[in-house]
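# Tertiary structure, described
If you want the building blocks of each chain, they are given just below.
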Amino acid sequence: MKNIFRYLSISLITSMMLACSAAPPVQQDPTQTAEVPVPVVQPEPVKEPEKPVEPVKKTMPAPAPKKAPAKPVAQVKKQETDPVVKAPAAKAPEPVKKEEPKKEPVKPAKSAEPEKAPEPAAPVEMPEPVVETKPEPVVEPKPAPVEEKNEIIAEFEGVQITKETYNQTKTEMEKIVDKLNRITATKDYNQWISFLSAEYRQQYSQTSTLKMVSEALPVKGIKLKSLKDYFSYVFVPSRQNVRVDDIQFVSPTRVNVIMKQGNVSLLIYGIENINGSWKLLPPKL
């Protein structure tokens, strides 16, 4: 590569020198003028830096790929045919001898036995038709509506009366009223006293209270002088066959028993739980 580069550089310089020598010389004009020519200052030519000439790389032609020598085609050998073997001539068929069938002696026929009558076939039982029964719809009983036990009905100074307490108290009042109905029917004074509170006995044993009640009686001329007179002439006639239609809580321990007649609510008894027992309170005058 270095030799090639040198060779190209020398050839380029030589060609430039030949071009300069071949240019014709400048001829001067023979006529002279009287005027003295003014020298003109010509600018010096600016030399441009010479660019280095890159050597031209010669590309060598790529060698042609060598062709693989063709393989000789193997000649197909002709199959040698086996010689045809001639079949031997067929022999003439021999005559077939016919054999006469031997005659067997005829045996006497046996007496035919009487054929048995076929037994009657057993009657075929037909299957009974299956009747599909549709299941009846099961009616599930609807559960009774569950009462809200924690429903608050009344409240007294932080003491809450729930629905459950109301139902329990009403049941107890019904039992007490049934006993009082039997007492009034039998006019059992001693049993009646056991249901009275101390306040009831004291108030209706006073002469002033008995006098006020005597004056309010519809039958004039009756004068009440004792608690027993009040029981006989006031309590028994006015408290027969009463019932409990409703109850009203006046306090956590005091209840008013209500009986309804039409649209009117009647106060039948005022009952208070004293020391775990329900006692009758005196009616207001």
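Residues numbered from 1 in each chain as written. Predicted model: local features only at pLDDT ≥ 70, side-chain atom pairs only at ≥ 80, totals over all residues. Heavy atoms only, no water.

## Considerations on the sheet that holds strand β5 (residues 264-274)
- One open sheet accounts for four strands, arranged β3-β4-β5-β6; its pairing is antiparallel. Of all the strands in the sheet, the pair left with one neighbour each is β3 (246-251) and β6 (277-280). In this sheet, neighbouring strand axes are inclined to one another by 35 degrees on average, regardless of whether the strands run parallel or antiparallel.
- This element, helix α2 (residues 163-186), spans β3, β4 (254-261), β5 and β6 of the sheet and lies at about 110 degrees to β3. (Pairing = 2+ DSSP bridges. Helix = DSSP H or I, 4+ residues; strand = E, 2+ residues; numbered from the N terminus. Axes fitted to C-alpha atoms, helices over the stretch in contact; angles between N-to-C directions. Contact = heavy atoms within 4.5 Å.)

## A word on the side chain of Thr 162
- For Thr 162, the position within the fold is in strand β2 (residues 159-162).
- According to the relative accessible area criterion, Thr 162 is buried, its value standing at 17%.
- Within the local environment of Thr 162, its side chain forms a polar contact with the side chain of Thr 165, the two groups lying 3.1 Å apart.
- Those residues in contact with Thr 162 that sit more than four places away from it in its chain are Lys 149, Asn 150, Glu 151, Ile 152 and Ile 153. (Buried < 20%, exposed > 50% of the residue type's maximum accessible area, 1.4 Å probe, protein only. Polar contact = N/O pair within 3.5 Å; in protein donor to acceptor, adjacent residues only side chain to side chain.)

## A look at unusual backbone geometry
- Of note in this structure, Asn 241 is not a glycine but carries a positive phi near 55 degrees.
- For Asn 241, the position within the fold is in the loop between α6 (227-238) and β3.
- With relative accessibility at 68%, the residue Asn 241 sits in the exposed group.
- For Asn 275, which is not glycine, the phi dihedral falls at a positive 55 degrees.
- Here Asn 275 is to be found in the loop between β5 and β6.
- With relative accessibility at 78%, the residue Asn 275 sits in the exposed group.

## A word on the layout of surface pockets
- The calculated volume of the largest pocket comes to roughly 460 Å³.
- Taken together, the elements giving at least two residues each to the lining of the largest pocket come down to α4 (198-203), α6, β4 and β5.
- With five residues, β5 is the largest single contributor of residues to the lining of the largest pocket.
- Here the residues of the lining of the largest pocket sort into 15 nonpolar, three polar and five charged. (1 Å grid on protein atoms, 1.4 Å probe; cavity = no way out; pocket = protein on both sides within 12 Å on 5 of 7 lines; lining within 4 Å. Points joined across faces, edges and corners; volume = space filled by probe spheres on them. Nonpolar A, V, L, I, M, F, W, Y, C, P; charged D, E, K, R; others polar.)

## Side note on the pattern of salt bridges
- With the rule as written, the count across this model stands at one salt bridge.
- Of the charged contacts, one joins Asp 245 and Arg 243 as a salt bridge, the two residues approaching to 3.2 Å between their closest N and O atoms.
- Taking relative accessible area as the criterion, Asp 245 reaches 27% and is therefore assigned partly exposed. (Salt bridge = Lys/Arg side-chain N within 4 Å of Asp/Glu carboxyl O.)

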